[in-house]
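Topology and contacts: notes
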Amino acid sequence: MKLYDGGKIIVGLLVFIGIATFPFYYNMGRVNVKPELKTDTPAIQEWEKQYGKKECVESKEFMRAEHMQLLNNWRDSVVRDMNRQYVSTTSGKVFEMSLQNGCLRCHSNKKQFCDQCHNYMAVKPYCFDCHIQPMEKEENKS
Amino acid sequence: MSLDRRQFLKIAGISSILGFGASVASATHTIWEKGLEPPQVEPNKDALNGKRWAMVVDMSKFKTEEDIKKITSACHQTHNVPDFRNPDGTVDRKFEIKWIWEEPYERTFPGSENKFMGENIKDMPFIVLCNHCDNPPCVRVCPTGATFKLANGITMQDMHRCIGCRFCMAACPYGSRSFNWVDPRKAINLVTENKAYPTRTKGVVEKCTFCTERLQAGKIPACVEAAPKGAMFFGDIEDQNSEVRKIVATQLTIRRKPELGTGPAVYYLIGGSDHA
C-alpha cells in the first residue's frame, strides 16, 4: 500500500491534533480556582447565633444539586397555587418562598455566593434580569 | 440487511422493554418534577381570602388630578413599573407601561356617550385597570399558559412563562396590557424602587395583578389604600356582607364593555351620592 502525498497528510494530521487538543495542554498545570461560597452574611450569622448552626431550607447537599428544581417548584406554588410558605422536609421550619425576600435575605452576597458556582460552571441563569439583587460593595470586579 | 418477521418482533420486543425500563427509572429519579407535595407548602396565615375579588371605583370621589396621580403612582411604585419619558418630560407613548391609568369617558364606556352629555362627565378622567374578567380573552389566547385565572378570580400572569407574543394584548378589549419593548430597568428609579418586588424584563407583557402579592400578605391593593376615602372599594363580591357587594347590590354601577361577555370585575359608580 502506498500513501499518496503522505508527508502532507501526516503534517496535516499533526496540525489538526495539535489544534484540537490545544485547550487541554493550554490549561495543563493551571490550578482551576474552585468556587468558594461565602456563607457569612450578617443574616446567616444571626441565624447561627439563634439556632446554633447554619442551615438552609433543605440540606446543603440537596440545595447544591437541586436548588434550581426547588426554585422552579416554588415559583409554581407561589404564582399559581397562592401558597407562599415552604415547610422544610429536613428541619420542619417554615420559610417564605421567595427569591428576593427569601433566599437573598440570608444570601445577601450574590457575588460571593450565586455567581461563584454559576461562573465556574459557565451557566447564566436569568433570575436577576427581573429579581432585584441586594446592593453589594464592588469587591472583585470581573 | 433484511429482517424476517421473527427478527423484527424480537427487536421490537426488546426495545419496548428497554424503553419501559428507562421510563420507570426516570420516573423514580425526578420526584421534584411533580411539584411540591401538600405537606411541604402552606398559604400565608395572614392572607386575605376571597371567592371572587372585585373592585368598585366611585369616580365622583376623585376631586383633583392629584387624587388620581396618587393612586397611579402608588401602584407603579409598588410594582416597579417603569416610567418612560420623552426628552420634553411627557409620557413616552411608545414604551409606556401601565397597570392603572386614566382614560376619558368615551374610551372607558364607548357607545354610551351622547351629544348632550355634560362636560363634567365627558371630560372626567376615569381610572381604568385590568378588569380581571370572569371570562378573560387574554387567557384564552395565551399559547403558553403564562396568563391564567386564579381560584379567587384574579387574572394572573406568570412572567417566567411569557414569551412576549402579545396575543393577549390583541385580545384584551380594555388595553390593560403593556409590552416591554426595552429593558424596563432603564426607566425605573433604582433608589426608590420597591426592593421586595421584582421588575420585569425586556420582551414580556405585564398588567395589573389586583396586588396578589399584597393580598397574600394580608394587605389590600395599593391603589385602594392610596385612594381618597370612599373612592375605591375592594372585596369579595361573592360575600354578601362585603362592601363591594353591598354597593353593587344597592347602587347603579356600570362596567366597561359588558356586552362583550368578558364579565369584568371592576364596577364604576358615576353618580355623586354617598353610600356604604
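Everything that follows concerns the structure shown earlier in this document.
Quick summary incoming for the structure in this document. Just so it is clear, the structure is predicted and the values come from calculations on it, not from any experiment.

Here's the deal with the overall build of chain A
Along the backbone of chain A there are seven helices and two strands. Secondary structure elements of chain A, listed N to C terminal, follow the sequence α-α-α-α-β-β-α-α-α. The C-alpha atoms of chain A give 23 Å as radius of gyration, which overshoots the globular expectation for 142 residues (14 Å, by more than 25%). The principal-axis extents of the C-alpha atoms in chain A amount to approximately 75 × 35 × 30 Å. Here chain A, with 142 residues, has 16% of them falling under the buried criterion. Contacts in chain A between residues at least 24 apart in sequence constitute 57% of all its contacts with a sequence separation of at least 6.

Some thoughts on the overall build of chain B
Counting secondary structure elements, chain B contains nine helices and 10 strands. By the compact-globule yardstick of 19 Å for 276 residues, chain B is too spread out, its C-alpha radius of gyration being 24 Å. Out of the 276 residues belonging to chain B, those deemed buried represent 32%. When contacts within chain B are restricted to residue pairs at least 6 apart in sequence, those whose partners lie at least 24 apart make up 66%.

Some thoughts on the sheet that holds strand β2 (residues 53-58) of chain B
Pairing between the strands of a sheet is mediated by backbone hydrogen bonds and can be parallel or antiparallel. All names here are of chain B. Across the sheet, which stays open at both edges, the three strands sit in the order β9-β2-β10 with mixed pairing between neighbours. The sheet is open, and its two borders are formed by β9 (232-236) and β10 (266-269), each paired with just one other strand. Across this sheet, the average inter-strand angle for adjacent strands is 20 degrees, counted without regard to direction. Bridge analysis of β2 against β9 gives five bridges, and the strand direction is antiparallel.

Topic: the interface of chain B and chain A
The interface of chain B with chain A comprises 22 residues on the first partner and 21 residues on the second. Here strand β1 (residues 85-87) of chain A runs beside strand β1 (residues 41-42) of chain B; their pairing, made up of two bridges, is antiparallel. By the bridge assignment, A:Tyr86 is partnered in β1(B) with B:Val41.

Points about unusual backbone geometry
Residues and elements named next belong to chain B. A positive phi angle, close to 55 degrees, is found at Phe-210, a residue other than glycine. Mapped onto the fold, Phe-210 is located in the loop between β8 (205-206) and α7 (212-215). The backbone phi angle of Cys-211 is positive, close to 55 degrees, even though this residue is not glycine. Position of Cys-211 among the secondary structure elements: in the loop between β8 and α7.

A few points about the sheet that holds β1(B)
Sheet architecture is open: three strands sit in the order β2(A)-β1(A)-β1(B), paired in antiparallel fashion. The outermost strands of the open sheet, each flanked by one partner alone, are β2 (94-96) of chain A together with β1 of chain B.

Considerations on the environment of A:Asp115
Note on placement: A:Asp115 falls in helix α6 (residues 114-120). Take A:Asp115: there are 17 C-beta atoms within 10 Å of it, and that puts it in the partly exposed class.

Examining the nonpolar core
One finds B:Met55, B:Ile100 and B:Met232 to be the most contacted residues of the largest nonpolar core, which totals 49 residues. Every element with two or more residues in this core is listed here: β2, α2 (65-78), β3 (100-103), β4 (126-129), α8 (222-226), β9, α9 (243-250) and β10 of chain B. What B:Ile100 contacts, discounting residues up to four positions off in sequence, is B:Ile71, B:Thr72, B:Cys75, B:Ile127, B:Leu129, B:Cys208 and B:Cys223. Listed in part, the nine residues of the second largest apolar core include A:Val57, A:Trp74, A:Val79 and A:Met97.

A word on helix α5 (residues 99-106) of chain A
Listed as buried for α5(A) are A:Leu99, A:Gln100, A:Cys103, A:Leu104 and A:Cys106. Its buried side turned inward, α5(A) meets α3 (42-51), α4 (60-81) and α7 (127-130) of chain A.

Quick notes on the pairing of β4(B)
All names here are of chain B. Every second residue of β4 is oriented toward a common face, with Phe-126 and Val-128 on one face and Ile-127 and Leu-129 on the other, all of them buried. Of the strand pairs in this sheet, β3 and β4 are connected by four bridges, and their pairing is antiparallel. Note on β4: the bridge partner recorded for Trp-101 is Val-128.

A look at the environment of B:Ser73
Structurally, B:Ser73 is set in helix α2. Along the primary structure B:Ser73 and B:His132 are separated by 59 residues, whereas in three dimensions their C-alpha atoms are 20 Å apart.

Remarks on α4(A)
An ideal rise of 1.5 Å per residue puts 32 Å on 22 residues; α4(A) reaches only 27 Å between its terminal C-alpha atoms. At A:Glu66, α4(A) shows its strongest bend, of approximately 80 degrees. Along α4(A), the positions that sit buried rather than exposed are A:Leu70, A:Asn73, A:Trp74, A:Ser77, A:Val78 and A:Val79. The inward-facing, buried residues of α4(A) contact β1 of chain A together with β1 and β6 (155-157) of chain B. Of the residues one or two after α4(A), A:Met82 is the one with positive phi, at around 60 degrees.

Regarding the environment of A:Ala20
All names here are of chain A. Here Ala-20 shows up in helix α1 (residues 6-20). Residue Ala-20 is classed as exposed on the basis of its 9 C-beta neighbours within 10 Å. Along the sequence, Ala-20 and Tyr-126 sit 106 residues apart, while their C-alpha atoms lie 32 Å from each other.

The rules we used
Residues numbered from 1 in each chain as written. Chains lettered and ligands numbered in written order. Predicted model: local features only at pLDDT ≥ 70, side-chain atom pairs only at ≥ 80, totals over all residues. Helix = DSSP H or I, 4+ residues; strand = E, 2+ residues; numbered from the N terminus. Rg over C-alpha atoms; globule rule 2.2 N^0.38 Å. Buried ≥ 20, exposed ≤ 12 C-beta atoms within 10 Å, placed from the backbone. Contact = placed C-beta atoms within 7 Å. Pairing = 2+ DSSP bridges. Axes fitted to C-alpha atoms, helices over the stretch in contact; angles between N-to-C directions. Core = buried A, V, L, I, M, F, W, Y, C linked by C-beta atoms within 7 Å. Expected span 1.5 Å × (residues − 1). Bend = angle between axes of the 7 residues up to and from the residue.

These figures come from the coordinates and say nothing about function on their own.
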